[in-house]
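If you want the building blocks of each chain, they are given just below.
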Amino acid sequence: MMRAVAIDEFGGIEKMKPRQMPVPEVDPDEILVRVDTAGVGVWDPFEREGGFAKEFGVESTFPHVLGADGAGTVEEVGDKVRDLKRGDRVYGINLMNPKGGFYAEYTAMKADNAAKVPRALSTRDAGVLAVDGITALNGLDKTLQLKAGESILILGASGGIGHLAVQLAKRMKARVLAVASGQDGVEFVKSLGADKVIDGHREDILKAAREFAPEGLDAALLTAGGNAAEQAIEALRKGGRAAYPNGVEDPPKPREGVKVTSYNGEPDPQTFAKLNELIDGGPFQVHIAQTFKLEDAAQAQRALENHYLGKLALVLN
Ligand SMILES: NC(=O)c1ccc[n+]([C@@H]2O[C@H](COP(=O)([O-])OP(=O)(O)OC[C@H]3O[C@@H](n4cnc5c(N)ncnc54)[C@H](OP(=O)(O)O)[C@@H]3O)[C@@H](O)[C@H]2O)c1
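Analysis parameters
Residues numbered from 1 in each chain as written. Predicted model: local features only at pLDDT ≥ 70, side-chain atom pairs only at ≥ 80, totals over all residues. Heavy atoms only, no water. 1 Å grid on protein atoms, 1.4 Å probe; cavity = no way out; pocket = protein on both sides within 12 Å on 5 of 7 lines; lining within 4 Å. Points joined across faces, edges and corners; volume = space filled by probe spheres on them. Helix = DSSP H or I, 4+ residues; strand = E, 2+ residues; numbered from the N terminus. Pairing = 2+ DSSP bridges. Salt bridge = Lys/Arg side-chain N within 4 Å of Asp/Glu carboxyl O. Buried < 20%, exposed > 50% of the residue type's maximum accessible area, 1.4 Å probe, protein only.

Here we look at the layout of surface pockets
Argument step 1. Taken as a whole, the second largest pocket holds about 320 Å³ of empty space.
Argument step 2. In terms of lining residues, the second largest pocket is bounded by 16 residues, among which Asp83, Ala111, Asp112, Ala114 and Pro269 are the most central.
Argument step 3. Counting only elements with at least two residues in the lining of the second largest pocket, the list comes to strand S8 (114–116) and helix H9 (269–279).
Argument step 4. Ranked by residue count, the leading element in the lining of the second largest pocket is H9, at 4 residues.

Dropping the structure here:
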């Protein structure tokens, strides 16, 4: 048996209950992970309320263990798994898995949705990396096709995706204008190597972008919506590109002369390999603002409403 936080039906935070559950069994293409850290993502309430179940059209099984993001150690591997073995430190994406997510001592997940933890990172930090890291990289690489020497604005640069995207874009040799949240966000993102950082709640984004790239920006990665995103798009050059992950509230509107694309952070072994290679190219910060015990998962989801830098996490030991 194991400790887990699960729901018996979709709904509010009050549905989340710590409980004992059987350790899940592995299928041939799966690994059993002893969870060290579970990321608490801004999308977790959407999972709890049944949003993903509806969106993906999946038949839900209860009790449903929450948590799409996490890291730990491989305890067991299925017969068909070749690239991972018992004892490997792994991180991965485990969204709407009928066998349960990362809010538990153990999870059985598809091996293809996991990868070895980059050498430069602790297992704890890797616990909040998978969803936002893959989403940051898919945005910069597959969607925006960012090239060395190009200018990019990253909106929400002190948030989960944003703080990873700033470092990945610098590693891809782009010039980065980072739009962070609050003075603490600005100081934090400066330490990540952005070329210029402003506070998007207090400073004029369009003016800062025009100073940074007088001919217009080549690209923008938008992890927040609303007026700030509209200003970022206005600062693009003709033929410039903007991308935002599905889920961003008040998403930007299409605009003539620029390409605005929405996308998802879908995992596959090639994207994990590229993410690990970029991360291992030098010092890399994955920032956990606050940790909570597994049993306090409801409190952690409440804390998603607050201002914080980077990510929140549950620690299992
Ligand atoms: N489709 C996918 O595959 C996928 C995957 C991951 C995430 N997502 C979505 O992508 C979005 C971002 O995810 P995330 O994990 O990065 O969330 P997050 O940590 O909440 O990041 C968003 C950041 O934007 C900041 N922000 C908001 N308005 C701003 C402004 N005007 N200027 C500067 N910063 C501003 C927020 O700070 P304050 O709160 O302090 O303002 C927050 O730090 C979410 O909507 C999430 O659901 C989608």
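After that view of the structure, there is still more to cover.
Some points on the sheet that holds strand S4 (residues 64–65)
Argument step 1. Taken together, the 3 strands give an open sheet; going across it, the order is S2-S1-S4, and neighbouring strands pair in antiparallel fashion. Each edge of the open sheet is held by one strand with a lone partner, namely strand S2 (17–21) and S4.
Argument step 2. Note that strand S1 (residues 2–7) and S2 share 5 bridges and pair antiparallel. Counterpart to arginine 3 in the pairing with S2 is glutamine 20.

A closer look at the pattern of salt bridges
Argument step 1. On inspection of all chains with the given rule, the structure shows 24 salt bridges.
Argument step 2. One salt bridge in this structure joins lysine 85 and aspartate 88, with 3.0 Å as the shortest N-O distance.
Argument step 3. The partner of glutamate 230 in a salt bridge is arginine 255, with the nearest N and O atoms 3.1 Å apart. Of this pair, glutamate 230 sits in helix H8 (residues 226–234) while arginine 255 sits in the loop between strand S13 (236–245) and strand S14 (259–263), and the two are 25 residues apart along the sequence.
Argument step 4. Glutamate 230 sits in the buried class, given a relative accessible area of 14%.

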